[in-house]
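Listed below are the residues making up each chain.
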Amino acid sequence: MEYHDLEQPDELSKKEKEDAMGAYLMMFAAIGAGLPLPIINLIASVIYYFVQKRNTRFVRFHSLQSLWSQIPTTLINAGAMYWTLQIFLFDNLEVTDMYYGYLVMLVILNLAYFAFSIVGAVKARNGKMYYFLFFGKICYHQVYQIKDDIDSESNNVNLPPKL
């Protein structure tokens, strides 16, 4: 597999660095909106990614990494919100040790996500790459891998689907 060269900090414009940094600041979207809805952060990250999709690879990488890392956090936060609503509003469930354990795990996960996002934002603002656990490698491959162009190798315009 071949990959595009990574941009170096001195090759990036100030706007590219700020756009990459902005991807990590989407975690504050729900706080800025004043809503305790975890899905707002994910929606903001999705919109930001699609707005920045045509930007440079550096910005696209950081936007995609921010989006991918937002998904598990959003799902766990949404689970906690649903569980809490079931307990306190609908009286369907009881407060158990498992619920408290879930809340502790939720706090730890959100603090870790917050810390990684702040570090990612600072690194992106300085024009440096920062790879999150699990998601960094996936995003690097998605953004920087040189894709084989089948159309350039043959004169066929219509090709069968790849299986």
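Residues numbered from 1 in each chain as written. Predicted model: local features only at pLDDT ≥ 70, side-chain atom pairs only at ≥ 80, totals over all residues. Heavy atoms only, no water.

## Observations concerning the environment of Lys15
Heads up, the condition is: Every helix listed is a DSSP run of H or I at least four residues long, and every strand listed is a run of E at least two residues long, numbered separately from the N terminus. Here the term buried applies to any residue with accessible area under 20% of the maximum for its type, exposed to any over 50%, and partly exposed to those in between, with areas from a 1.4 Å probe on protein chains only.
Mapped onto the fold, Lys15 is located in helix H1 (residues 14–24). Among the residues examined, Lys15 registers a relative accessible area of 54% and is labelled exposed.

## Some points on the environment of Val95
Filter applied, for reference: Between two residues, a contact is recorded if the distance between any of their heavy atoms is within 4.5 Å.
The residue Val95 is located in the loop between helix H4 (57–88) and helix H5 (97–125) in this model. Here the alpha-carbon distance between Val95 and Trp83, two residues twelve residues apart in the chain, equals 9.5 Å. Residues contacting Val95, with those up to four places away along its chain left out, are Ile87, Phe88 and Tyr100.

## Structural notes on the environment of Asn41
Looking at the element boundaries, Asn41 is found in helix H3 (residues 39–52). When its relative accessible area of 12% is taken as the criterion, Asn41 is described as buried. Once the C-alpha coordinates of Asn41 and Met26 are considered, the two residues, 15 residues apart in sequence, prove to be 6.1 Å apart.

## Notes on H3
The criterion, for reference: Here a helix's expected span is defined as the number of its residues, less one, multiplied by 1.5 Å. Of all possible arcs, the one meant is that of the directions from the helix axis to the C-beta atoms.
A rise of 1.5 Å per residue sets the reference length of H3, with its 14 residues, at 20 Å; its end C-alpha atoms lie 20 Å apart and thus fit the reference within 8%. Listed as buried for H3 are Asn41, Leu42, Ala44, Ser45, Tyr48, Tyr49 and Gln52. What you see down the axis of H3 is that its buried residues fit within an arc of 160°, all on one side. Away from its buried face by more than 90 degrees, H3 exposes Ile47, Phe50 and Val51.

## A short note on the pattern of salt bridges
Filter applied, for reference: Salt bridges are defined by distance alone: a side-chain nitrogen of Lys or Arg within 4 Å of a carboxyl oxygen of Asp or Glu.
In this structure the tally under the stated criterion is two salt bridges. Between Asp19 and Lys15 there is a salt bridge, and its shortest N-O distance comes to 3.0 Å. Taken together, the positions of Asp19 and Lys15, both in helix H1 and four residues apart, correspond to about one turn of that helix. When its relative accessible area of 12% is taken as the criterion, Asp19 is described as buried. With a shortest N-O distance of 3.6 Å, Arg125 and Glu18 are connected by a salt bridge. Taken together, the residues span a long stretch of sequence, with Arg125 in helix H5 and Glu18 in helix H1 at a distance of 107 residues. For Arg125, a relative accessible area of 29% gives the class partly exposed. Exposure remark for Glu18: the relative accessible area of 32% places this residue in the partly exposed category.

## Observations concerning the packing of H3 against H4
The following threshold applies: Helix axes are fitted only over the stretch in contact, all axes being lines through C-alpha atoms; the angle between N-to-C directions runs from 0 to 180 degrees. Roughly parallel refers to an angle under 35 degrees, roughly antiparallel to one over 145, roughly perpendicular to one between 65 and 115, and oblique to any angle outside these ranges. Each crossing is labelled by how the near helix is turned from the far one, with a counterclockwise turn of less than a right angle marking it left-handed and a clockwise turn marking it right-handed. Charged residues are taken to be Asp, Glu, Lys and Arg, nonpolar residues to be Ala, Val, Leu, Ile, Met, Phe, Trp, Tyr, Cys and Pro, and polar residues to be all remaining types, Gly included.
In the contact formed by H3 and H4, the axes pass within 9 Å of each other and the chain directions differ by 160°. Taken together, the axes of H3 and H4 are roughly antiparallel relative to one another. Helix-helix and strand crossings are classified by hand; for H3 and H4 the assignment is left-handed. Seen from H3, the contacting residues are Ile39, Asn41, Leu42, Ser45, Val46, Tyr48, Tyr49 and Gln52; seen from H4, they are Val59, Arg60, Ser63, Leu64, Ser66, Leu67, Gln70, Ile71 and Thr74. Tallied by class, residues from the contact of H3 with H4 come to nine nonpolar, seven polar and one charged.

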